[in-house]
Amino acid sequence: MELRTRPLQQNFGLEVLDIDLAQLDDDSFDAIYRLWQRDPLLLFRRQNITESELVAYSRRFGDLDRLVRDDLHSPVFPEVIYVTPLKRPDGSPLGGLGSYEMNWHTDQIYRARPASGSIFQAVEMPEQGGRTMWCNTALAYGALADDVSAAAERRGA
């Protein structure tokens, strides 16, 4: 099965068109997985999935991590982290990382085996802002000058 896609940028990121993640059959998932192996940033617009469906979809990629903090995740699915500046009725934060306190980073760089990916679901988008930046470290590494990549290899990078 071949999925219809549209590039997000010249050499990084694909928007996957005409797919409903809530009604995903095995052939469609396999096609998504193959796309993800070639291009690690996939965008699926206008998905209307529940947390349960999000977790079921995510589990198809492999085991899911759970955040060690217990104040940022869903009360039903601890694998789902809320990134939001919203507050609960008692004034406590509903989630975290939603007020620009996160700087540029690589997820789980401190682990011997970091996660192979992350899945984000935007439930509500601001009219302006709300930007998330991504980079493809494989593309960046491939663009290094030969002497720089050789030096990185010698250091065990």
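Everything quoted here is computed from the prediction, not taken from an experiment.

Draft legend 1. Structural detail: the sheet that holds strand β1 (residues 5–7). Here we have three strands laid out as an open sheet, ordered β1-β2-β3, and mixed in their pairing. Both outer strands of the open sheet, β1 and β3 (42–43), are each paired with one neighbouring strand and no more. Summarising the sheet, β1 and strand β2 (residues 14–16) pair through three bridges and their orientation is antiparallel. Within β2, the position partnered with Arg6 by the bridge is Glu15.

Draft legend 2. A look at the pattern of salt bridges. Applying the stated criterion to the full structure yields seven salt bridges. Residue Glu15 pairs with Arg45 through a salt bridge whose shortest N-O separation is 3.0 Å. Placement of Glu15 in strand β2 and of Arg45 in the loop between β3 and α2 (51–59) is noted, with a sequence separation of 30 residues between them. One salt bridge in this structure joins Glu79 and Arg66, with 3.3 Å as the shortest N-O distance. Linking Glu79 in the loop between α2 and β4 (83–84) with Arg66 in the loop between α2 and β4, this pair joins segments that are 13 residues apart in sequence. Judged by its relative accessible area of 15%, Glu79 falls in the buried class. Through salt bridges with shared partners, a single network forms among Arg6, Glu15 and Arg45.

Parameters at a glance
Residues numbered from 1 in each chain as written. Predicted model: local features only at pLDDT ≥ 70, side-chain atom pairs only at ≥ 80, totals over all residues. Heavy atoms only, no water. Pairing = 2+ DSSP bridges. Helix = DSSP H or I, 4+ residues; strand = E, 2+ residues; numbered from the N terminus. Salt bridge = Lys/Arg side-chain N within 4 Å of Asp/Glu carboxyl O. Buried < 20%, exposed > 50% of the residue type's maximum accessible area, 1.4 Å probe, protein only.

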